[in-house]
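# Survey of secondary and tertiary structure
Residue strings, one per chain:
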Amino acid sequence: MRNHLSSLLKMAMRTERSKPRFHGFEMNKSVGQHILKNPMIVQGIVEKAGIRSTDVVIEVGPGTGNLTVKLLEKAKKVTAFELDARMVAEVTKRVQATEYARHFEVIHGDFLKQELPFFDVCVANVPYQISSPLVFKLLAHRPTFRCAVLMFQREFAMRLVAKPGDELYCRLSVNTQLLSNVSHLMKVGKNNFRPPPKVESSVVRIEPKNPPPPVNFTEWDGLVRICFNRKNKTLGAIFRTKSVIEMLEENFKTYCALNNIPLADPLPSVKDVVVRILEENGFVEQRSSKMDIDDFLRLLKLFNEAGIHFS
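Presented here is an overview of the structure given in this document. Owing to the predicted nature of the structure, the values given are computational and were not obtained by experimental measurement.

Moving on: the nonpolar core. Across soluble globular proteins, nonpolar side chains have a tendency to be buried as a group. By size, the foremost hydrophobic cluster in this structure holds 62 residues, and its most contacted members are L138, L150, F239 and F303. Counting 26 residues, the second-largest nonpolar core is a separate cluster that includes V57, F104, V149 and F193.

Spatially, β6-β5-β4-β7-β8-β11-β9 is the arrangement adopted by the 7 strands of the open sheet, whose pairing is mixed. Each having just a single partner strand, β6 (104-108) and β9 (180-188) make up the two edges of the open sheet. If you compare each strand with its neighbour and ignore which way they point, the axes differ by 20 degrees on average. Summarising the sheet, strand β7 (residues 121-125) and strand β8 (residues 147-153) pair through 5 bridges and their orientation is parallel.

The volume enclosed by the largest pocket comes to roughly 570 Å³. As for the largest pocket, its lining consists of 34 residues, and the residues nearest its centre are V60, G61, E82, N125 and P127. Counting only elements with at least two residues in the lining of the largest pocket, the list comes to β3 (35-36), α2 (39-49), β4 (56-60), α3 (66-74), β5 (77-82), β7 and β8. At 3 residues, β7 tops the list of elements feeding residues into the lining of the largest pocket. Split into classes, the residues belonging to the lining of the largest pocket amount to 18 nonpolar, 12 polar and 4 charged.

Analysis parameters
- Residues numbered from 1 in each chain as written.
- Predicted model: local features only at pLDDT ≥ 70, side-chain atom pairs only at ≥ 80, totals over all residues.
- Heavy atoms only, no water.
- Core = buried A, V, L, I, M, F, W, Y, C linked by side-chain atoms within 4.5 Å.
- Buried < 20%, exposed > 50% of the residue type's maximum accessible area, 1.4 Å probe, protein only.
- Pairing = 2+ DSSP bridges.
- Helix = DSSP H or I, 4+ residues; strand = E, 2+ residues; numbered from the N terminus.
- Axes fitted to C-alpha atoms, helices over the stretch in contact; angles between N-to-C directions.
- 1 Å grid on protein atoms, 1.4 Å probe; cavity = no way out; pocket = protein on both sides within 12 Å on 5 of 7 lines; lining within 4 Å.
- Points joined across faces, edges and corners; volume = space filled by probe spheres on them.
- Nonpolar A, V, L, I, M, F, W, Y, C, P; charged D, E, K, R; others polar.

So this is what it looks like as structure tokens:
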């Protein structure tokens, strides 16, 4: 019995020693804690952000402060959002030992649930779990910021910048590119982190379009959601499916009710209207995977003008 307990204890100690640690505490990989350790990459991100001495910068997930300290050397103020209380203490301790302490604020909590202050630039090493909601939280922020320099898992980053015809071109691509100009800045290998993640990373720059495009984003997203559900099928096939037609019929009734528009009796055939729009404007054989932003904007305008809505 004693030998068995001794074996279990040794096994537990080996397991504990094998857990990734940094600055004396264990990294929580389940929430994407991978500390960027390469100072050249850190410096490159700061340079690509083009920070001015008058800029207010927000940083998401400062970790132990490797990037934070470099941002403080350039910016007027840095506000960091950190979920892990241990990291809050670590980055606070690190900044307090510098001349920039009074220019730094750290907010302990979930970035996605916070009301954002005014800022000019956002810099972040983004956990995969919050990549998409973080992008659209930023793009919805007003007043519009100048740019965001963000590190994502490589595949997510390449979806952001994908163009029509690319394998990774998707709803995320068109939604992001409708609202911003996105460019790929650099690849970052997994060995630049501690502990190393399982996949490679990339840094992208996002510049919100200002003013934003004059389009109802809820309508827009409703349309592209349908189109990219089967992005390689023709629009003619997609918009003839029973589920899509039934949804558009319900949307039509809701739109008429909300706008006090009397319903004709019998109701016009939504399917006939949709098919006519596609046929008369050359969209029947089009595939979402090959369509650009202007194609989707034109299609949405044609649908809306005919009383077809997606929200």
